Amino acid sequence: MAEKVSNQSLLTWFLQRFSGIFLAFFLFTHINVNHFAHGKDLIDFALVHQRLSGSIYWKVYYLLFVPFCVFHALNGIWAILADYRPSGGFSIFSKVIFWVIGLILIVVGAMTLTNLF
Amino acid sequence: MSFNNMFKNAMVDTNRNKNIGMITYLFHRITGIGLVIYLIMHTYVLSSAISGEKSFNGRMGFVQSPFFAILEVLLIAGVFFHLLNGARITICDFAGLTKSHKAFFWIEAILFVAIMILTIILQIPKMQSGYYTGM
């Protein structure tokens with residue numbers, strides 16, 4: 001039992017690193033394109049739609065970006081909580097909450113993107 | 001260790017070990033929690049696209065103003081601290097260079113300052129009046 005728990009922690013630790021490496025590359029592009037490249041021009045629906053509908057690469061990029069972001073965010077918070085050795089009940093409760101929040105964020109994120117495509 | 005005292009314990013640990021590793025560890029956690037909160041707000045703002053173009057433009061217009069341009073600098077600082085510190089941890093750990101982590105911290109610090117100077121230069125036009133065009 002103890003071994004199983006430690007293997008799971010190792011897997012989530014590795015996935016945190018893996019998603020982190022991805023996000024580092026994603027975020028350089030995302031911040032440059034959305035925060036810097038437009039200068040004082042207002043970012044609106046037409047502009048985002050024009051970019052996302054123009055290329056399959058942007059669609060794949062953002063559809064990958066959302067789940068990687070959500071996983072890295074919630075797994076990170078889980079790692080912080082796990083550091084303080086929560087009780088069994090709280091541990092299960094928080095895992096359920098994180099799965100619910102995570103799935104909602106991914107579904108809402110994907111719906112948002114498909115509306116912008 | 002009591003779960004209720006996690007913030008207090010983090011402060012006590014940092015106070016006991018005032019070194020680069022401990023302080024960056026604390027900042028990595030603080031920026032991490034901040035970015036999760038931002039991710040949820042970001043999803044809320046953008047999800048207005050589900051209700052259509054008008055709703056999206058309304059909410060996007062609200063968050064593009066000189067005030068939010070200043071907040072964006074704080075956001076980008078959080079993102080790049082977390083990104084560069086994460087890169088440092090990953091590189092040091094996977095390449096077996098943990099003994100040189102302090103040297104890598106100074107590389108991180110230089111890159112962070114350079115990125116933030118560039119960010120402030122690029123954000124200054126948005127902080128001036130005339131950026132906000134209305135909803």
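Residues numbered from 1 in each chain as written. Chains lettered and ligands numbered in written order. Predicted model: local features only at pLDDT ≥ 70, side-chain atom pairs only at ≥ 80, totals over all residues. Heavy atoms only, no water.

Chemist: Kindly report on the overall build of chain B, identifying the contributing residues and their values.
Modeler: Across its full length, chain B carries 5 helices and 0 strands. Helices and strands appear in chain B in the N-to-C order α-α-α-α-α. Over its C-alpha atoms chain B spans a radius of gyration of 19 Å, topping by over 25% the 14 Å that the globule rule assigns to 135 residues. Seen through its principal axes, chain B has C-alpha atoms that stretch 55 × 40 × 25 Å. (Helix = DSSP H or I, 4+ residues; strand = E, 2+ residues; numbered from the N terminus. Rg over C-alpha atoms; globule rule 2.2 N^0.38 Å.)

Chemist: Describe a nonpolar patch on the surface, naming the residues involved and giving the relevant values.
Modeler: Nonpolar side chains collect at one region of the surface, where Leu10(A), Leu11(A), Trp13(A), Phe14(A), Leu15(A), Phe18(A), Ile21(A), Phe22(A), Phe25(A), Phe71(A) and Phe94(B) lie side by side and expose about 1100 Å² of accessible area between them. Per-element accounting of the nonpolar patch gives the leading share, 9 residues, to helix H1 (residues 2-36) of chain A. As for its position among the elements, Phe71(A) is in helix H3 (residues 56-83). (Patch = residues over 30% accessible without salt bridge, like charges linked within 9 Å, V, L, I, M, F, W, Y side chains within 5 Å. Areas by Shrake-Rupley, 256 points an atom, 1.4 Å probe, with all protein chains shown as cover. Salt bridge = Lys/Arg side-chain N within 4 Å of Asp/Glu carboxyl O.)

Chemist: Which residues make up the confidence of the model for chain B, and what values do they have?
Modeler: On average, residues of chain B score 89 in pLDDT, and 92% of them reach the 70 mark or higher. With pTM at 0.90, the complex prediction returns an ipTM value of 0.90. (pLDDT = per-residue confidence, 0-100.)

Chemist: Give a description of the nonpolar core that names residues and reports values.
Modeler: The nonpolar side chains of a soluble globular protein tend to be buried, and buried together. Counting residues in each nonpolar core, the largest one holds 43 residues, and the members touching the most others are Ile31(A), Phe65(A), Leu116(A) and Phe56(B). Those elements that place two or more of their residues in this core are H1, helix H2 (45-54), H3 and helix H4 (88-116) of chain A together with helix H2 (20-46), helix H3 (53-62), helix H4 (66-94) and helix H5 (101-127) of chain B. If one sorts the elements of this core by residue count, H3(A) sits on top with 12 residues. Sequence-distant contacts of Phe56(B), that is, excluding residues within four places in its chain, are made with Asp44(A), Phe45(A), Val48(A), Leu116(A), Leu46(B), Ser48(B) and Ala49(B). (Core = buried A, V, L, I, M, F, W, Y, C linked by side-chain atoms within 4.5 Å. Buried < 20%, exposed > 50% of the residue type's maximum accessible area, 1.4 Å probe, protein only. Contact = heavy atoms within 4.5 Å.)

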